[in-house]
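Coordinate inspection notes
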Amino acid sequence: RHGGREGDRFRLPGAADELRNMASAFPGAPALLIGADATETAVKAAPLDKASVIAFATHGLVGGAFRDLVEPALVLTPPQQASEDDDGLLTASEIAKLRLDADWVILSACDTSAGDGESAPTFSGLARSFVAAGARSLLLSHWPVRDDVASRLTLDTLNGAGKGLSRAEALRRAQLAIIRDAKVPGSAHPATWAPFVLVGN
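All of the points below concern the structure found in this document. (Residues numbered from 1 in each chain as written. Predicted model: local features only at pLDDT ≥ 70, side-chain atom pairs only at ≥ 80, totals over all residues. Heavy atoms only, no water.)

Turning next to helix α4 (residues 126-133). L126, A127, S129, F130 and A133 are the residues of α4 that are buried. Axial view of α4: buried residues confined to an arc of 160°, hence all on one face. Against the buried residues of α4 lie β1 (53-57), β3 (73-75), α3 (92-96), β5 (104-108) and β6 (137-141). (Buried < 20%, exposed > 50% of the residue type's maximum accessible area, 1.4 Å probe, protein only. Helix = DSSP H or I, 4+ residues; strand = E, 2+ residues; numbered from the N terminus. Arc of directions from axis to C-beta. Contact = heavy atoms within 4.5 Å.)

If you want it as structure tokens, here you go:
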């Protein structure tokens, strides 16, 4: 999770570890785009149609979050010189043009289940775009996610699914583990453990 817009507002220092931990849940050599490598150009050039699991640990923006942003987007690392093809924002329309063959797309980011704008239906934005691009299942967030909790929920859900649990059951158990952990501040409050939702198979 890293982006350069508005300084530290988009810096998420735990993202690199979160992605590495998620990658460790799968066999083989993962392709990791982290920090300065996590650009629009790199994402669009990656062989995403060969990946069964794709994860983004970044900020999600709803349409209208900025004056010139009319659709939802994921924040990536901006280039030194912005262009029409790479301005640091992977928008819903750009996502829909990607070629995916992914069993699971994980969006460990804030507000990734939101619609195209404030009045749009839930799941009409980024989720619809990833499905259009070829994703069969998604793990999305309903509201801003705490960095520490997001990392744990996504990793525990992945590990549970990797051990034969259904994705829904794996997520449920990951949420229960957060609720029961007294070391997590506010662990029992739904705002802490309930941001994520599964969409698709």
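Right, let's get into the side chain of T154. Relative to the assigned elements, T154 resides in helix α5 (residues 147-162). When its relative accessible area of 0% is taken as the criterion, T154 is described as buried. A polar contact of 3.1 Å, which involves the side chain of T154, links it to the backbone oxygen of S151. If we skip the residues at most four places from it in the chain, T154 touches E18, M22, I106, S108, L139 and F196. (Polar contact = N/O pair within 3.5 Å; in protein donor to acceptor, adjacent residues only side chain to side chain.)

Moving on to the pattern of salt bridges. Applying the stated rule across the entire model yields 9 salt bridges. Of the charged contacts in the structure, one is a salt bridge between K44 and E94, with a shortest N-O distance of 3.1 Å. Of this pair, K44 sits in helix α2 (residues 40-45) while E94 is found in helix α3, placing the two residues 50 residues apart along the sequence. We classify K44 as partly exposed; its relative accessible area is 34%. Owing to a relative accessible area of 16%, E94 belongs among the buried residues under this scheme. A salt bridge links D181 to R152; the shortest N-O distance between them is 2.6 Å. Here R152 lies in helix α5 and D181 lies in the loop between α6 (167-180) and α7 (190-193), a separation of 29 residues in the sequence. (Salt bridge = Lys/Arg side-chain N within 4 Å of Asp/Glu carboxyl O.)

On to the environment of T58. Structurally, the position occupied by T58 is in the loop between β1 and β2 (60-61). Among the polar contacts listed, one links the side chain of T58 to the backbone oxygen of V75, at a separation of 2.3 Å.

Most often, soluble globular proteins keep nonpolar side chains buried together rather than apart. F56, L74, L100, V105, L107 and F130 are the most contacted members of the largest nonpolar core, which has 22 residues in total. Among all residues touching F130, those that are not within four sequence positions of it are F56, L74, I95, L100, V105, L107, A135 and L138. Counting residues in each nonpolar core, the second largest holds 17 residues, with L19, L158, I178 and F196 among its members. (Core = buried A, V, L, I, M, F, W, Y, C linked by side-chain atoms within 4.5 Å.)

Once that is clear, we can look at the sheet that holds β3. Spatially, β2-β3-β4 is the arrangement adopted by the 3 strands of the open sheet, whose pairing is antiparallel. Looking at the sheet topology across the chains shown, the edges are occupied by β2 and β4 (89-91). Of the pairings in the sheet, the one linking β3 to β4 comprises 3 bridges and is antiparallel in character. Following the sheet pairing, L74 is matched in β4 by L90. (Pairing = 2+ DSSP bridges.)

Moving on: the sheet that holds β6. The 4 strands are arranged β1-β5-β6-β7 in an open sheet whose pairing can be described as mixed. Taken across any chain shown, the strands that pair with only one partner, and hence form the sheet edges, are β1 and β7 (196-200). On average, each strand axis in the sheet is tilted by 15° relative to the strand beside it, whichever way the strands run. Seen against the sheet, helix α1 (residues 15-23) touches β1 and β5 and runs at an angle of roughly 165° to β1. Sheet contacts for α4: β1, β5 and β6; angle to β6, the most-contacted strand, approximately 165°. (Axes fitted to C-alpha atoms, helices over the stretch in contact; angles between N-to-C directions.)

Glancing now at the packing of α1 against α5. Contact pair α1 / α5: the axes reach a minimum separation of 9 Å and the direction vectors enclose 5°. Relative to α5, the element α1 is oriented roughly parallel. Between α1 and α5, the contacting residues are E18, N21 and M22 on the first element and D147, A150, S151, T154, L155 and L158 on the second. Here the residues of the contact of α1 with α5 are counted per class, giving 4 nonpolar, 3 polar and 2 charged. (Parallel < 35°, antiparallel > 145°, perpendicular 65-115°, else oblique. Nonpolar A, V, L, I, M, F, W, Y, C, P; charged D, E, K, R; others polar.)

Moving on, we get to the packing of aromatic side chains. By the definition in use, this model includes 1 aromatic pair. The ring of W104 carries R167 above its face, with NZ or CZ at 4.7 Å from the centroid. (Phe/Tyr/Trp six-rings, centres within 6.5 Å; stacked < 30°, edge-to-face > 60°. Lys NZ or Arg CZ within 6 Å of the ring centre and 35° of its normal.)

So yeah, pure geometry; function would need other evidence.
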